[in-house]
Amino acid sequence: MTLLSETHQENTAVTRQNTRPHIEVHDLTMAYGDYIIQRNLNFTINRGDIFIIMGGSGCGKSTLMKHLIGLKPPAKGDVLIDKQNFWKAPSAQQEEIKRRFGVMFQAGALWSSLTLAENIALPLGEYTRLPKKEIAEVVEFKLALVGLAGFEDFYPSQISGGMQKRASLARAMALDPEILFFDEPSAGLDPISSVRLDHLILELSHSLGATVVVVTHELASIFTIGNNSVFLDAESKTMLTTGDPKILRDESHIPQVRSFLNRGEI
Ligand SMILES: Nc1ncnc2c1ncn2[C@@H]1O[C@H](COP(=O)(O)OP(=O)(O)OP(=O)(O)O)[C@@H](O)[C@H]1O
Ligand SMILES: [Mg+2]
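Heads up: these notes are all about the structure in this document. On a predicted model such as this, the values are computed, not experimentally measured, just so you know. (Residues numbered from 1 in each chain as written. Chains lettered and ligands numbered in written order. Predicted model: local features only at pLDDT ≥ 70, side-chain atom pairs only at ≥ 80, totals over all residues. Heavy atoms only, no water.)

## Digging into the packing of aromatic side chains
Formally: Working definition: rings of Phe, Tyr and Trp (its six-membered ring) pair if their centres are within 6.5 Å, and the pair is stacked with planes under 30 degrees apart, edge-to-face with planes over 60 apart, and tilted otherwise. To sort residues, take the accessible area from a 1.4 Å probe on protein chains only and compare it with the maximum for the residue type: under 20% means buried, over 50% means exposed, and anything in between is partly exposed. Only Lys NZ and Arg CZ are tested; either one counts as a charge over a ring when it is within 6 Å of the ring centre and within 35 degrees of the ring normal.
Counted by the stated rule, this structure contains five aromatic pairs. Taking the centre distance of 4.9 Å and the plane angle of 75 degrees together, the rings of Phe 86 and Trp 87 count as edge-to-face. What makes Trp 87 partly exposed here is its relative accessible area of 22%. It is Arg 249 that lies over the ring of Phe 223; its NZ or CZ is 4.4 Å from the centre.

## Here's the deal with the packing of helix α4 (residues 116-127) against helix α6 (residues 161-172)
The condition is simple: Every axis corresponds to a line fitted to the C-alpha atoms, with the helix fit spanning only the stretch in contact, and the corresponding angles, defined between N-to-C directions, vary from 0 to 180 degrees. Only runs of H or I of at least four residues qualify as helices and only runs of E of at least two qualify as strands under DSSP, and these elements are numbered from the N terminus. For classification purposes, angles smaller than 35 degrees are called roughly parallel, those larger than 145 roughly antiparallel, those between 65 and 115 roughly perpendicular, and all remaining angles oblique. For any pair of crossing helices, the crossing counts as left-handed if the nearer helix is rotated counterclockwise from the farther one by less than a right angle, and right-handed if it is rotated clockwise. Should any heavy atoms of two residues lie within 4.5 Å, those residues are counted as being in contact.
It is at 8 Å that the axes of α4 and α6 come closest, and there the two elements cross at 25 degrees. Compared by their axis directions, α4 and α6 come out roughly parallel. Handedness of the α4/α6 crossing: right-handed. Judged by residue contacts, Leu 116, Asn 119, Ile 120 and Pro 123 of α4 engage Ala 167, Ala 170 and Arg 171 from α6.

## Section: the site of ligand 1
Put simply, the test is: We call a residue near a molecule or strand whenever a single non-hydrogen atom of that residue lies within 4 Å of it. Polar contacts, as used here, are pairs of N or O atoms within 3.5 Å; protein pairs need one atom able to donate a hydrogen and one able to accept it. Residues neighboring in sequence count only if both atoms are side-chain atoms. The Shrake-Rupley method, run with a 1.4 Å probe, gives the accessible areas here. Residue values count only the displayed protein chains as cover. Here the nonpolar group is Ala, Val, Leu, Ile, Met, Phe, Trp, Tyr, Cys and Pro; Asp, Glu, Lys and Arg are the charged ones; every other residue, Gly included, is treated as polar.
In the neighbourhood of ligand 1, the contacting residues comprise Tyr 32, Ile 37, Gly 56, Ser 57, Gly 58, Cys 59, Gly 60, Lys 61, Ser 62, Thr 63 and Gln 106. In this structure, an oxygen atom belonging to ligand 1 sits 2.8 Å away from a main-chain N or O atom of Gly 58. A distance of 2.5 Å is found between an oxygen atom of ligand 1 and a side-chain nitrogen or oxygen belonging to Thr 63. For ligand 1, whose free accessible area comes to 640 Å², the fraction covered by protein is 61%. Grouping the amino acids of the shell around ligand 1 by side-chain chemistry returns three nonpolar, seven polar and one charged.

## Overview of the layout of surface pockets
Using the following cut-off: Put simply, the grid is 1 Å and covers the protein atoms alone, a cavity is a trapped set of points that fit a 1.4 Å probe, a pocket is an open set with protein on both sides within 12 Å along at least five of seven lines, and lining residues have an atom within 4 Å of a point. Grid points are joined across faces, edges and corners, and a volume is the space filled by probe spheres set on the points.
By volume, the largest pocket amounts to about 720 Å³. Considering the residues around the largest pocket, the lining is formed by 26 residues, among which Phe 101, Val 103, Phe 105, Pro 123 and Tyr 127 are closest to the centre. Elements represented by at least two residues in the lining of the largest pocket include exactly α3 (91-98), β6 (101-104), α4 and α6. Per-element tally for the lining of the largest pocket: the top contributor is α4, with five residues. Taken together, the residues of the lining of the largest pocket break down into 16 nonpolar, five polar and five charged.

## Examining unusual backbone geometry
If you check the backbone angles, Asp 27 has positive phi at about 50 degrees while not being a glycine. Relative to the helices and strands, Asp 27 resides in strand β1 (residues 21-32). Positioned with a positive phi, Asp 82 is a non-glycine residue whose angle comes to about 50 degrees. Classification of Asp 82 by relative accessible area gives partly exposed; the value is 26%.

Following this line, the structure appears as structure tokens:
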């Protein structure tokens, strides 16, 4: 029983202890053809982190996420998932690792011709041997988790943008992933819906114990949910720092990082 409160403390605290690496990035260079996007990336995402990938538009945040989820191979360097070198592993092992990921892409669209229930059932049908009835139960449970109980038979066009985001979240969680990746989850949402989504992400991270990796440049989100981060710089084409964004805001000696994290409300 004490475990629960300890876990909770760990997740809320800036000073997290007993950290265990979940994803390690070693000397990563990312490129499209000859065009280098970022080089010399070195950072660690620990188990249970809500890890923010931040930086200005076009610096390579989405590209980095694609390297972490096994969609784009590095030009140089390694990505270790639970100490397994993803890009040097045989493809069967890569597939096994990828099953542990839940992903919500930047364009994060649901299939418009499918109901919410069908959208969430899709990965379950593809990757599990669950019978229909159990799939329906999982779908119902996941929709309830994101506050969409009763919306099973709605089509994406029949619900609001914020609800669509939450449904995409439910779909990313369909297979009970160990690591959730979200690219700009609150983009296009009004401030209230985006605060709600942040709280949902926090709640899910605490209750599921998953590691969460979020691409965002929104300060409110960064400080509400993030306990660790990496800052990518487009100009120098490398990371400038890594660590708790609140500490970086107050203590970083790097001018670009300080000004990014202290910029005023627009
Ligand atoms: N498929 C691609 N082929 C070639 N270049 C690409 C491709 N995808 C992205 N790029 C380039 O890589 C750079 C980084 O793009 P990326 O989408 O990773 O940035 P980002 O930080 O996610 O930007 P944003 O904040 O606008 O989403 C950009 O210069 C972009 O033009
Ligand atoms: Mg992007």
